[in-house]
Each structure stands twice: as structure tokens, then as C-alpha cells.
There are 2 protein chains.
Amino acid sequence: MSFSPLLEELIHSLRALPGVGPKSAQRMAFHLLSRDRQGGKSIATALQHAMEHIQHCQQCRTFSEVPRCGICSNQKRDHHLLCIVESPADMLAIEQTGYRGLFFLLLGHLSPIDGIGPQDIGLNHLQQRLQQEVIEEIIIATNPTVEGEATAHYILQLAKQAKVNCSRIAHGVPLGDVLEYIDTRTLSLAMAGRERYQYT
Amino acid sequence: MSFSPLLEELIHSLRALPGVGPKSAQRMAFHLLSRDRQGGKSIATALQHAMEHIQHCQQCRTFSEVPRCGICSNQKRDHHLLCIVESPADMLAIEQTGYRGLFFLLLGHLSPIDGIGPQDIGLNHLQQRLQQEVIEEIIIATNPTVEGEATAHYILQLAKQAKVNCSRIAHGVPLGDVLEYIDTRTLSLAMAGRERYQYT
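**Quick look at the confidence of the model for chain A**
Detailed reading of the predicted coordinates is not advisable wherever pLDDT falls low.
Residues and elements named next belong to chain A.
Right, so step 1: Across chain A, the average pLDDT comes to 91, with 100% of residues at or above 70.
Right, so step 2: Helix α7 (residues 184–192) is the least confidently modelled element of chain A, averaging 86 in pLDDT, while helix α3 (residues 37–53) averages 95, the highest of any element.
Right, so step 3: Quick note on the complex model: pTM equals 0.78, ipTM equals 0.79.

**Observations concerning the relation of the copies chain B and chain A**
Right, so step 1: For these two chains of identical sequence, chain B goes onto chain A by a turn of 180° and a shift of 0.0 Å along the axis, with RMSD 0.1 Å. The relationship between the two copies is best expressed as a two-fold rotation axis. If distances are taken from each C-alpha of chain B to the rotation axis, the shortest is found for Ala44(B), at 2.0 Å.

**Focus on helix α6 (residues 146–161) of chain B**
Residues and elements named next belong to chain B.
Right, so step 1: Taking 1.5 Å of rise per residue, 16 residues should cover 22 Å, and α6 covers 23 Å from first to last C-alpha, within 8% of that figure.
Right, so step 2: For α6, the set of buried residues is Gly148, Thr151, Ala152, Ile155, Leu158 and Ala159. Relative to the axis of α6, the buried residues are bounded by an arc of 115° and lie together on one face. Away from its buried face, by an angle of more than 90 degrees, α6 presents the exposed residues Val146, Lys160 and Gln161.

**Thoughts on the packing of aromatic side chains**
Any two aromatic rings considered together are summarised by their centre-to-centre distance and by the angle between their planes.
Right, so step 1: One pass over the structure, following the stated rule, counts 6 aromatic pairs over all chains.
Right, so step 2: Aromatic pair Tyr99(A) and Phe103(A): ring centres 5.1 Å apart, planes at 65°, arrangement edge-to-face. In this structure, Tyr99(A) and Phe103(A) share a single accessibility class: buried.
Right, so step 3: An angle of 85° between the planes, with centres 5.4 Å apart, marks the rings of Phe3(B) and Phe30(B) as edge-to-face. Of the two residues, Phe3(B) is situated in the segment before α1 (5–14) and Phe30(B) in helix α2 (residues 22–35); the sequence distance between them amounts to 27 residues. Side by side, Phe3(B) and Phe30(B) carry an identical accessibility label, which is buried.
Right, so step 4: The rings of Phe3(A), Phe30(A) and Phe63(B) are connected pair by pair, giving a single aromatic cluster.

**Notes on the interface of chain B and chain A**
Many analyses report the size of an interface as the accessible area lost when the parts associate.
Right, so step 1: Listed per partner, the contact involves 49 residues of chain B and 49 residues of chain A.
Right, so step 2: The interface formed by chain B and chain A holds 0 salt bridges in total.
Right, so step 3: On the surface where chain B and chain A come into contact, there are 8 residue pairs in polar contact (both at pLDDT 80 or more).
Right, so step 4: Mapped onto the side of chain B that touches chain A, the elements with two or more residues apiece are α1, α2, α3 (37–53), β2 (63–64) and α4 (88–95) of chain B.
Right, so step 5: Here the side of chain B that touches chain A takes 15 residues from α3(B), the largest share from any one element.
Right, so step 6: Its residues assigned to classes, the side of chain B that touches chain A comprises 28 nonpolar, 13 polar and 8 charged.

**Structural notes on the sheet that holds strand β4 (residues 101–105) of chain B**
All names here are of chain B.
Right, so step 1: Here we have 4 strands laid out as an open sheet, ordered β4-β3-β5-β6, and parallel in their pairing. Of all the strands in the sheet, the pair left with one neighbour each is β4 and β6 (165–168). The sheet shows a mean angle of 25° between the axes of neighbouring strands, taken without regard to direction.
Right, so step 2: Relative to strand β5 (residues 137–140), strand β3 (residues 78–85) runs parallel, the two sharing 4 bridges.

**Things to note about the nonpolar core**
Right, so step 1: Counting 48 residues, the largest nonpolar core has Leu7(A), Leu17(A), Leu7(B) and Leu17(B) as the members making the most contacts within it.
Right, so step 2: Residue contacts for Leu17(B): discarding those within four places in its chain leaves Leu17(A), Met28(A), Leu32(A), Ile43(A) and Met28(B).

**Here we look at the pattern of salt bridges**
Residue and element names in this part refer to chain A.
Right, so step 1: Within this structure, the stated rule accounts for 8 salt bridges over all chains.
Right, so step 2: Across the pair Arg129 and Glu133 runs a salt bridge whose closest N-O atoms are separated by 3.0 Å.
Right, so step 3: Judged by its relative accessible area of 3%, Arg129 is buried.
Right, so step 4: The class for Glu133 is partly exposed, based on a relative accessible area of 25%.
Right, so step 5: Via salt bridges that share partners, Arg77, Glu95 and Arg100 belong to a single interconnected network.

**Things to note about the domain arrangement of chain A**
Right, so step 1: Considered domain by domain, chain A is made up of domain 1 (78–168) and domain 2 (171–200).
Right, so step 2: Computed from C-alpha atoms alone, the centre-to-centre distance between domain 1 of chain A and domain 2 of chain A is 24 Å.

**Comments concerning the sheet that holds strand β6 (residues 165–168) of chain A**
Residue and element names in this part refer to chain A.
Right, so step 1: The strand order across the open sheet built from 4 strands is β4-β3-β5-β6, with neighbouring strands paired in parallel fashion. With partners counted over all chains shown, the strands left at the sheet margins are β4 (101–105) and β6, one partner each. On average, each strand axis in the sheet is tilted by 25° relative to the strand beside it, whichever way the strands run.
Right, so step 2: Packing of helix α4 (residues 88–95) onto the sheet brings it into contact with β3 (78–85) and β4, and relative to β4 it is tilted by some 160°.
Right, so step 3: Packed on one face of the sheet, helix α6 (residues 146–161) meets β3, β5 (137–140) and β6 and runs near 170° to β5.

Thresholds applied
Residues numbered from 1 in each chain as written. Chains lettered and ligands numbered in written order. Predicted model: local features only at pLDDT ≥ 70, side-chain atom pairs only at ≥ 80, totals over all residues. Heavy atoms only, no water. pLDDT = per-residue confidence, 0-100. Helix = DSSP H or I, 4+ residues; strand = E, 2+ residues; numbered from the N terminus. Least-squares fit on C-alpha atoms with pLDDT ≥ 70 in both. Expected span 1.5 Å × (residues − 1). Buried < 20%, exposed > 50% of the residue type's maximum accessible area, 1.4 Å probe, protein only. Arc of directions from axis to C-beta. Phe/Tyr/Trp six-rings, centres within 6.5 Å; stacked < 30°, edge-to-face > 60°. Contact = heavy atoms within 4.5 Å. Salt bridge = Lys/Arg side-chain N within 4 Å of Asp/Glu carboxyl O. Polar contact = N/O pair within 3.5 Å; in protein donor to acceptor, adjacent residues only side chain to side chain. Nonpolar A, V, L, I, M, F, W, Y, C, P; charged D, E, K, R; others polar. Pairing = 2+ DSSP bridges. Axes fitted to C-alpha atoms, helices over the stretch in contact; angles between N-to-C directions. Core = buried A, V, L, I, M, F, W, Y, C linked by side-chain atoms within 4.5 Å. Domains from an automatic or database assignment.

In C-alpha cells form, the structure reads like this:
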């Protein structure tokens, strides 16, 4: 047996969502149909609008339906500070720390094995920005993965060429964690990046 | 900071899906926007159609966009056998066992504490069917929960009144499970419902 064609189509299409398999898709469809048709319609409308109208900010490449996003066009922010992140989620995380500079989104990382080169993550655009704008410091906040580190290294070279100060966010022991369970590599970085107490 | 209005709206609306919190909704939105806009549009279309057109089968109450669903209108099925389940997912599970009779969906269970009475789960409609159709056996397959058992008991009374044979699916030890970890109540049911070997 299968469900009615429209229901089958709904269950099938919901599987495009990340982490949603056949069972979850079925549960979602039943839930919306039996308890929240209004919610279902809202999702349909929001998705339709978002898929059609959301593009990338021309300056920082984040998702935005206007050519320049709210952050890039905000004159109160520090336009001399540029933080480079991989994704909009990373941007939000950094934003929540109270950072008030600008961003640049890679929307990925260098990964030659997948055919992702500097152009694919907008590094040519970043190079242009470094030449055209007055940027005092670049803060590289790519993920501490192999690809993230490679990307950071590449960006460092661009910054060197453009003679712009460049820093990398600190790696070390996260707050609330237990030293015993931290991997050796992180602990090595934490030891190497130790900060000396200043006696006053 | 917040995202652009359309993106915020998308993330907010996705939370209507069951088991989707703020972080998952964000992840889903980013995934669709960056990697699968076509998939996002398909979900929007499928949802719109499903929410508007899917109603309930007039006979068995399952989800269907036509007045009588594929199972109820299939003349090859055994129209004298009626299996009563709580949800479309239960219906699918029973269907997969090779059952070839008809179904009746409660779309819930009796729960006086939540104000759900017999009318709300269509038992008046079931009573009508028992009087009007020639049904040889009712198989009650509600969940083995307190509410499911109460509902089963109520249906048994309806079947008695209509003088229709009535059975309940067996409860016992599931295949592949270990006796040691089965709860006592299930094991009692398994002991009470034991089947005697037939010597040939």
C-alpha cells in the first residue's frame, strides 16, 4: 500500500530537509495534516518567498533579500574590522559574542578534493575588498578542521600581500570542560597559546 | 543581530514541524538556501497542495484527497474484515504485515481528561458502519496504552451490541527481544496468551 498521491509527494519532498528520513518525513506530514494545517501553510509560503527572493549580500555574501545586508549597511559598526567565517551560523555565533565589526562569509572552505578552489568561496572578492577598503584587521574564524586551517592559511597569504593585519581566533580548552577529556592537539594549542599573568 | 526578515520568517515557520527547535530550523533553512533551492520549492508546493486538498476518506477516515481512499474503494480487498487503528502510521504498519481487509482510523483515542469522547474519534460513524455493512470480524489494533485499552474496551461494547465478532491483536514478547528485559506486565500477557503446541 501507499498513501494518497498528494501525501506521498509531501512525504517524499520533506526528505530534502537535512536529517529527515522516511519515518520523520511521515511523522511531520501526519502532524501538519492532523494538528497544524495553518503551520503547514505558513511553511509553504515562507519557503516559497525565501527560495525565490533570498540572494547573497554583495559585500559579505551572507543570505539577504536586499543587495547589502543589515550589517554591511549599518554605519554604526566598525568598518575597519573584518571577521571571516565559513557559514551564516558561524556569523551568528560570533555576533553573539558582542563583535561589532563586519563579516565576510566563505560559504564553505577550500577543499581541492571536492573541486572547491579559492574562487568558489569568494576569495577573489575578498582580495578586491582588501585592496579597495581601509581594513585594519582581519580576524580569521574558520573552523579548526583540516580544510578550515588550509583556508585560514590561504587567507593569511592574501592579507600579507595586501599588508593588512591578520589574526586567528584562539584555540584552547573550552570553558566548563575537563582537561582529562580534552584531546592532546587542543591541549598542545592551549599550552602554546598560554597567556602570562600581568602583575599589577 | 538577526537574519534578514524573509530568513527569520522561514526559520520561525519551520519550527511548526514536530521535533524541530530553533537550531534545527536554522540548519534546515541554511541547507535549503545554500544547497537545495529546488528541494525547498518542491516542499513548498507539496505542502501547499497537501494542506489545501487532503481531507479524510469518508469511509475509513484516513488522509485522502478523494472522498473514498484507495483501500476502501479497492474491490479486491476483503470488505468483511475491519481493522481499527489509531493513526495512519499504524495503518501502514498493519498493511505491511500483509493484511488485506479494510481499516477504520480513530485519529486519536478516548481520553476524557483531554475532553476527547467517542464522537471525536468517529465511534458514532463506526457504529453506523457496523449496522449498515456486513462485517464479519473487527480486529482492534489500538496501542497497548491506558487510553488505547479504554478505547478498545469501548469498541468491544459497540461490537457486542451489533453482534459482530471482535478480536484484539496479541500482546506478548516481541521477536528478537530478551525475556530478561521485558516488563512484567507484558510477560504476564505473554504467559496468559500462550499457545499450545499441536501434536500432529
